[in-house]
Amino acid sequence: MTDARSPNVGNQENPVSPATRRPVAWLAWALGGLAVAMFAAGVAFAVLSSFVGGAGLSGDFLIFVPFLAFPVVGALIASKRPENPIGWICLVVGLFWMLNVLGEGSDAYLRATDPGWARSTVTLDALAFWSWVPPVGLLGIYMILLFPDGKLPSRRWRPFAWFAGAVIALISVGFIFVPGPLEGHPGVRNPFGLEWLAWLADVAVFVILMLPLCILASAFSLVLRYRRSGGVVREQIKWLAFAASLVGLVYFVGLASELVFAPDSLVDDASPPLWVEISRSMLLLSYPGVPVAVGFAILRHRLYDIDVIINRALVYVALTVSLASIYLGGVAALQYALRTLTG
């Protein structure tokens, strides 16, 4: 049995025979190509809707452009390391994101061509409400839990893996089959709602809260894996930790800024100020850093450069914060001085 403290722990891979590797690689790239095709179809629907409806081209679908990194990096990892489920997780997540793009584009086209689009998309919208659960669960739980070698940290984590899967499945089933009003369609009930599953609505809040708790538990497992490993594995974990920390930092800074300076922007119908839109765009741009970092870590390309990247990032962040503080402080001081002089 391999010592958990060995520098190469987590990197013992089950080699795939050349005869099997080729069709698996083709499958990986086919799924990646399917995701790209779905994105292109969604964009095509959006463009057609702008011409048919006479309105300007909506740029909402552009927020999904960075998410193309998930299927592309996933196909690359799965074709090179087919025995590692991390690449397949990225591929599945990318397919779900691109499915959302296709849904957005088709909805825009239906709005432009069919006055009764709200009725015609009831079925699709009812099916789409659960589509955020699997990618969030796969990324937040299983990618962290299985990183970097695709195996659990130990057998003790097996019950947790099954429990997390049950939570994801229960939330997904709840969004599809729980009866009640259909969001976005006033006066319309969920067409897939089953009355005998109405009890799920009573425990929905509790079950949904289990999802972030499972994510925290997976993060704890990665910390334990980092402490027990060394060498290559530690460098691999640094890549993922750096990318995930960047996403978390941008999210919490943006959310705290909105709560303090623009609380009205958190309302669905409110029009957020420009700086809030920029902050949200920065958050979306930070998400693709996760699959890119995973690709560097799993394929071990320039693996040890992560230390240099972290050092430079800390220097640039400190410099940016200092310059922003000086600028804001100077503006506030100048306003106070002018107010004092002019009364």
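These numbers were taken from a predicted model, which means no experiment stands behind them. (Residues numbered from 1 in each chain as written. Predicted model: local features only at pLDDT ≥ 70, side-chain atom pairs only at ≥ 80, totals over all residues. Heavy atoms only, no water.)

A look at the side chain of Ser218
To keep things clear, this is the line we draw: In this text, helices come from DSSP runs of H or I with a minimum length of four residues, and strands from runs of E with a minimum of two, each type numbered from the N-terminal end. Any residue under 20% of the maximum accessible area for its type is buried, any over 50% is exposed, and the rest in between are partly exposed; the area is computed with a 1.4 Å probe on protein chains only. The criterion used for residue contact is that any of the two residues' heavy atoms lie within 4.5 Å.
Mapped onto the fold, Ser218 is located in helix α9 (residues 204-228). Look at Ser218 and you get buried, because its relative accessible area is 0%. The contacts of Ser218, once residues within four sequence positions are left out, are Gly140, Ile141, Ile144, Leu145 and Phe160.

Regarding the pattern of salt bridges
For clarity, the cut-off: A pairing counts as a salt bridge when a side-chain nitrogen of Lys or Arg comes within 4 Å of a carboxyl oxygen of Asp or Glu.
The full count for this structure, using the stated rule, is two salt bridges. Asp149 is the salt-bridge partner of Arg225, the closest N and O atoms lying 3.4 Å from each other. One end of the pair, Arg225, is in helix α9; the other, Asp149, is in the loop between α6 (133-146) and α7 (158-177), with 76 residues separating them in the sequence. Like Asp149, Arg225 is buried.

Comments concerning the packing of aromatic side chains
Both the distance between ring centres and the angle between the ring planes are used here to describe each pair of aromatic rings. Just so we agree on the cut-off: Whether two aromatic rings pair depends on their centres lying within 6.5 Å, for rings of Phe, Tyr and Trp, where Trp uses its six-membered ring; planes under 30 degrees apart make the pair stacked, over 60 edge-to-face, and the rest tilted. Both a distance and an angle decide whether a charge sits over a ring: NZ of Lys or CZ of Arg must be within 6 Å of the ring centre and within 35 degrees of the ring normal.
Overall, the coordinates contain six aromatic pairs when judged by the stated rule. Aromatic pair Phe67 and Trp97: ring centres 5.4 Å apart, planes at 65°, arrangement edge-to-face. Of this pair, Phe67 sits in the loop between α1 (18-53) and α2 (69-80) while Trp97 sits in helix α3 (residues 85-113), and the two are 30 residues apart along the sequence. Taken as a pair, Phe67 and Trp97 share a single burial class, namely buried. Three or more aromatic residues joined by ring pairs make a cluster, and in this case those are Phe67, Phe70, Trp97 and Tyr287. Positioned over the ring face of Tyr226 is Arg234, at 4.4 Å from the centre of the ring.

What to know about α7
What counts is decided by this rule: By this rule the span expected of a helix is its residue count minus one, scaled by 1.5 Å.
For α7, spanning 20 residues, the distance from its first C-alpha to its last is 28 Å, which sits close to the expected 28 Å at 1.5 Å a residue. Listing the buried residues of α7 in full gives Phe160, Ala161, Ala164, Val167, Ile168, Ile171, Ser172, Gly174 and Ile176.

Considering unusual backbone geometry
Between Phe147 and Pro148 the backbone carries a cis peptide bond, its omega angle lying at 5°. Along the polypeptide, Pro148 turns up in the loop between α6 and α7.

Quick notes on the confidence of the model for the protein
Which entries qualify depends on this criterion: For every residue, the predictor states its confidence as a pLDDT score lying anywhere from 0 to 100.
Of the residues in the protein, 70% reach a pLDDT of 70 or more, and the chain-wide mean stands at 76. Considering only residues more than four positions removed or in separate chains, one finds that residues 1-12, a stretch of pLDDT under 50, has 25 contacts.

Things to note about helix α10 (residues 232-261)
Here α10 is 30 residues long and its end C-alpha atoms lie 43 Å apart, about the 44 Å a rise of 1.5 Å per residue gives. Residues Val232, Val233, Glu235, Gln236, Ile237, Trp239, Leu240, Ala243, Val247, Gly254, Ser257 and Glu258 constitute the buried set of α10.

With respect to the packing of α10 against helix α12 (residues 289-299)
Filter applied, for reference: Fitted lines through C-alpha atoms serve as axes, helices being fitted only where they are in contact, and the angles separating the N-to-C directions of these axes extend from 0 to 180 degrees. Small angles under 35 degrees read as roughly parallel and large ones over 145 as roughly antiparallel, with 65 to 115 read as roughly perpendicular and the rest as oblique. Here the term charged refers only to Asp, Glu, Lys and Arg, the term nonpolar to Ala, Val, Leu, Ile, Met, Phe, Trp, Tyr, Cys and Pro, and the term polar to all other amino acids, Gly among them.
Their axes nearest at 8 Å, the elements α10 and α12 cross at an angle of 175°. With respect to α12, the axis of α10 lies roughly antiparallel. Counting all contacts with α10, which are made through Gln236, Trp239, Leu240, Ala243, Ala244 and Val247, the residues of α12 involved are Gly289, Val290, Ala293, Val294, Phe296, Ala297 and Ile298. Tallied by class, the residues present in the contact of α10 with α12 amount to 11 nonpolar, two polar and no charged.

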